[in-house]
Amino acid sequence: MRVVLFTGKGGVGKTTVAAATAVRAAAAGGRTLVMSTDPAHSLADSFEVEIGSHPTEIAENLWAQQIDAQDRLEDNWREIQDYMTQVMNWAGVETIQAEELTVIPGLDEIFALIDVRTHVESGRYDMLIVDCAPTAETLRLLSLPEIMSWYIERIFPVERRVVKTIRPIVSKMTTLPIAGDAVFGAVERLHRNLEAVKKILTDERTSSVRLVVNPEKMVISEARRTYTYLGLFGYRVDAVVVNRVLPDEITDPYFGKWKDIQAEHLATVRESFEPVPILTARLFDREMVGVTLLEEMGTEVYGDLDATDVLYQDEPIRVRKRGTGYVLSIRLPFVSRDDMDIHRKGDELFIRVGSYKRNLILPQTLKRMAVREATFAGDRLEILFAREPKPAAERGRS
Ligand SMILES: Nc1ncnc2c1ncn2[C@@H]1O[C@H](COP(=O)(O)OP(=O)(O)O)[C@@H](O)[C@H]1O
Ligand SMILES: [Mg+2]
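Predicted model, so just to flag it, every value in this text is computed and none were measured.

1. A few points about the pairing of strand β12 (residues 348-353)
Among the six residues that make up β12, five are buried, leaving the element largely enclosed by the rest of the structure. Here six bridges tie strand β11 (residues 340-345) to β12, and the two strands are oriented antiparallel to one another. Counted as the bridge partner of H343 is F350 from β12. Linkage of β11 to β12, two consecutive antiparallel strands, is achieved through a turn of two residues, within which G346 is found at a positive phi near 60 degrees. Here β12 runs beside strand β13 (residues 356-361); their pairing, made up of six bridges, is antiparallel.

2. Points about helix α9 (residues 253-273)
For α9, which comprises 21 residues, the first-to-last C-alpha distance of 31 Å matches the rise-based estimate of 30 Å (1.5 Å per residue) to within 8%. Here α9 has its buried residues at Q262, H265, L266, V269, S272 and F273. The arc that holds every buried residue of α9, seen down its axis, measures 120 degrees, which confines them to one face. Of the exposed residues in α9, the ones pointing more than 90 degrees away from its buried face are P253, K257, D260, E264 and E271. On the buried face of α9, the contacting elements are β6 (207-213), α8 (217-232), β7 (237-245) and β8 (278-282). Between a side-chain oxygen at the N-terminus of α9 and the backbone nitrogen of Y254 the separation is 2.8 Å; the capping residue is D252.

3. With respect to the sheet that holds strand β14 (residues 369-377)
An order of β9-β10-β15-β14 is seen for the four strands of this open sheet, with the pairing classed as antiparallel. Strands at the two margins of the open sheet, each flanked by one partner only, are β9 (317-322) and β14. Neighbour to neighbour, the strand axes of the sheet diverge by 25 degrees on average, direction disregarded. Where β14 and strand β15 (residues 380-387) come together, eight bridges link them in antiparallel fashion. Following the sheet pairing, A370 is matched in β15 by A386. Running at roughly 145 degrees to strand β10 (residues 325-331), α8 makes contact with β9 and β10 of the sheet.

4. Regarding the site of ligand 1
In the region of ligand 1, 15 residues are neighbours, and K14, T15, T16, N243 and R244 sit closest. Within the backbone of V12, a nitrogen or oxygen atom sits 3.2 Å from an oxygen atom of ligand 1. Here an oxygen atom of ligand 1 sits 2.8 Å away from a polar atom, N or O, in the main chain of G13. Burial of ligand 1 by the protein amounts to 82% of the accessible area it has alone, namely 560 Å². Those elements that place two or more of their residues in the shell around ligand 1 are α1 (14-27) and β7. Among the elements that line the shell around ligand 1, the one with the most residues is α1, at three residues. Taken together, the residues of the shell around ligand 1 sort by class into five nonpolar, five polar and five charged.

Criteria and cut-off values
Residues numbered from 1 in each chain as written. Chains lettered and ligands numbered in written order. Predicted model: local features only at pLDDT ≥ 70, side-chain atom pairs only at ≥ 80, totals over all residues. Heavy atoms only, no water. Buried < 20%, exposed > 50% of the residue type's maximum accessible area, 1.4 Å probe, protein only. Helix = DSSP H or I, 4+ residues; strand = E, 2+ residues; numbered from the N terminus. Pairing = 2+ DSSP bridges. Expected span 1.5 Å × (residues − 1). Arc of directions from axis to C-beta. Contact = heavy atoms within 4.5 Å. Polar contact = N/O pair within 3.5 Å; in protein donor to acceptor, adjacent residues only side chain to side chain. Axes fitted to C-alpha atoms, helices over the stretch in contact; angles between N-to-C directions. Near = heavy atom within 4 Å. Areas by Shrake-Rupley, 256 points an atom, 1.4 Å probe, with all protein chains shown as cover. Nonpolar A, V, L, I, M, F, W, Y, C, P; charged D, E, K, R; others polar.

The following block contains the structure:
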């Protein structure tokens, strides 16, 4: 099973490239599902067919799905939300207002990702293609499983224990609604789902992200930032697709200047992302909609490549032995040491880059070691771990 996510700035051609990839994968014989998590669904426009909120067969070996975020929210959040609403009602908040307050922004999209787990585990497809929302939302989406798991792991086990002991007492003293087993059950289910999704999306054999860009300055700047953050969260990028490149046969002087500008930006893309493969697609002379044109687009993008392959073995995070210690290295290109903070607390490493924070649970081998230094080597941040020197008293004895 392969999972490939497409993201990039709004309007660069994510949906088109995702759809073209799906058509190509299906034509090669693999059972392919393309789904969109972007609330601005446009897969249906791209294929020129109706697409439901469940996988709809649209061609041989090809299914498509536009996830209804509201449905998923109902399925996964209802019990938790009901409880939160009760608590707020108890505190005097009107029901309508309480219901609004208990839906965390962006939560609906995260539930769309739970479908990734469902589809991977069903074994029904060989290839799952995800047409994601524009960059910022996608990043938030991809960092959410970890952040939510972090809270759930810390808050709920404690709360559950406390509730068991205090429920009989509290219910005699006040009317405060106390979370029942259904609420805890819902929280646990959500936690398991998010953990499973994160595991799938960071698995090198299964998942890759493909960044779609246009040869334009702002689009490329945004893609560079995305690439950094994807590294921070351990997601693997296996290709960059440069879409809407002016073809050579255009000789009209009006576009001459544009061609020069694009050539310059293409060079920037190569410098920024190589050795990640850079794929290109020209600006076609029409909108690329419908299976036939999408097939043409797929050929343009992939040439002789198999779109379902892992096109590049990226290693966003790795641990290597160095001397008597270890180096934890994270791919963080385009970042300077001043734009980031690192600190350690117990078995966790907190890394902040720009406005994104990661709490990295240290692997077993590193837990008993101390952080010695953090420096950049090329585009990787290297954090050096060494054994703690033994206290002087002990050293004398051994
Ligand atoms: N290489 C291309 N040549 C011509 N038209 C394109 C090309 N790539 C995308 N388009 C058209 O541009 C529009 C926007 O593309 P879309 O894939 O919906 O962007 P996004 O999903 O990034 O918002 C669509 O009408 C699509 O058909
Ligand atoms: Mg789109």
